[in-house]
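Residue strings, one per chain:
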Amino acid sequence: MSEPVTVSITRIVDLAHGAQMLAWQRAGDKLAERFDGFLGSGWVRPSEDSTEWHFLYRFSSSAALQAWEASEQRRWWLGAAQGLVGESHMEKRTGIEGWFDEPSSTDVLDLRPPPPSPPRWKQMCVIFLVFFPLSLAANYAAGQWLSDLVLPLRVLISVCLMTPIMTYFALPWVTKMFSFWLNAART
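Residues numbered from 1 in each chain as written. Predicted model: local features only at pLDDT ≥ 70, side-chain atom pairs only at ≥ 80, totals over all residues. Heavy atoms only, no water.

A word on the overall build of the chain. Looking only at helices and strands, one finds six helices and four strands in the chain. Taken from the N to the C terminus, the helices and strands of the chain come in the order β-α-β-β-α-α-β-α-α-α. A separation of at least 24 residues holds for 72% of the contacts in the chain among residues at least 6 apart in sequence. Carbon and sulfur atoms make up 63% of the accessible area of the chain, which amounts to about 13,400 Å² in all. (Helix = DSSP H or I, 4+ residues; strand = E, 2+ residues; numbered from the N terminus. Contact = heavy atoms within 4.5 Å. Areas by Shrake-Rupley, 256 points an atom, 1.4 Å probe, with all protein chains shown as cover.)

Listed below in structure tokens is the structure:
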């Protein structure tokens, strides 16, 4: 027995023809319902003013889908939309697992405004609290163990060691320790 097949289509729609698009889509649903193996369909768009509309339809098997796709009714229906829609992407999936694959990218729409960044002078103070002692320790160690090297090479080694320590450990730690102060309400 063949697995069900889901078809996902992204179409570009001229906003001036939104009502015609809805009527066209409903007509296609009604035509497809007459075919054996049709399991349903639906559509969604990201927002009211989006030109990108996403359509899904599902058939019980590849053979049932092929019968719909090769039908005269579908050809007539698609022809009725000439100049009304453009197809930008089509994808067919069998089974259920394909719909749960990890996406290659994710767009998350968060309508809340981002929290304000702390004032620059507070950021500077917190960075100084980490940078000064770390720099002092690195320069002391470089002077003790790398004194035979020329200054530019000692500084390069010191910076190469300090940068990941600052980025991944020291700054996140001190930022967390002083978050009460960094994120305090501004007056």
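The next thing to look at is helix H2 (residues 62-69). Of the residues making up H2, those classed as buried are Ala64, Leu65, Trp68 and Glu69. Projected down its long axis, H2 carries its buried residues within an arc of 135°, all on one side. Exposed side chains of H2 directed beyond 90 degrees from the buried face belong to Ala63 and Gln66. (Buried < 20%, exposed > 50% of the residue type's maximum accessible area, 1.4 Å probe, protein only. Arc of directions from axis to C-beta.)

Moving on, we come to the pairing of strand S1 (residues 5-13). By the criterion of burial, S1 is predominantly enclosed, with eight of the nine residues buried. Relative to strand S3 (residues 52-59), S1 runs antiparallel, the two being bridged by eight bridges. Bridged to Val5 within S3 is Phe59. (Pairing = 2+ DSSP bridges.)

Take empty space enclosed by the protein next. Vacant regions in the atomic arrangement are exposed by a probe of water-molecule size rolled over the atoms. Within the structure shown, the criterion is met by one cavity of 30 Å³ or more. Secondary structure elements with two or more residues in the lining of the largest cavity: S1, helix H1 (18-33), strand S2 (38-44) and S3. With four residues, the single largest contributor to the lining of the largest cavity is H1. For the lining of the largest cavity, the residue count by class is seven nonpolar, three polar and two charged. (1 Å grid on protein atoms, 1.4 Å probe; cavity = no way out; pocket = protein on both sides within 12 Å on 5 of 7 lines; lining within 4 Å. Points joined across faces, edges and corners; volume = space filled by probe spheres on them. Nonpolar A, V, L, I, M, F, W, Y, C, P; charged D, E, K, R; others polar.)

This next bit is on the packing of H1 against helix H3 (residues 72-79). Close contact between H1 and H3 brings their axes to 10 Å; oriented N to C, the two are set at 180°. Our classification of the angle between H1 and H3 gives roughly antiparallel. Across the interface between the two elements, Trp24, Gln25, Ala27, Gly28 and Leu31 of H1 pack against Gln73, Trp76, Trp77 and Leu78 of H3. In terms of residue class, the contact of H1 with H3 is made up of six nonpolar, three polar and no charged. (Axes fitted to C-alpha atoms, helices over the stretch in contact; angles between N-to-C directions. Parallel < 35°, antiparallel > 145°, perpendicular 65-115°, else oblique.)

The topology assignment puts Lys122 in helix H4 (residues 120-145). Residue Lys122 is classed as buried on the basis of its relative accessible area of 9%. Here Trp181 takes part through its backbone oxygen, which lies 2.8 Å from a polar atom of the side chain of Lys122. Contact partners of Lys122, with chain neighbours within four places excluded, come to Trp181, Leu182 and Ala184. (Polar contact = N/O pair within 3.5 Å; in protein donor to acceptor, adjacent residues only side chain to side chain.)

Once the charged atoms of two side chains with opposite charge are near each other, the side chains can pair. Tallied over the entire structure, the rule returns two salt bridges. A salt bridge links Lys30 to Glu33, with the shortest nitrogen-to-oxygen separation between them at 3.8 Å. Linking Lys30 with Glu33, this pair stays in helix H1, spanning three residues, or about one helical turn. On the basis of relative accessible area, Lys30 is assigned to the exposed category, the value being 53%. (Salt bridge = Lys/Arg side-chain N within 4 Å of Asp/Glu carboxyl O.)

Residues Phe128, Leu129, Phe132 and Leu136 make up a contiguous nonpolar surface patch of roughly 410 Å² in combined accessible area. With respect to the helices and strands, the residue Phe128 is situated in helix H4. (Patch = residues over 30% accessible without salt bridge, like charges linked within 9 Å, V, L, I, M, F, W, Y side chains within 5 Å.)

Within the secondary structure, Arg45 sits in the loop between S2 and S3. Leave out the neighbours within four places in its chain, and Arg45 touches Glu52 and Trp53.

Bear in mind that shape data such as this cannot, by itself, settle questions of function.
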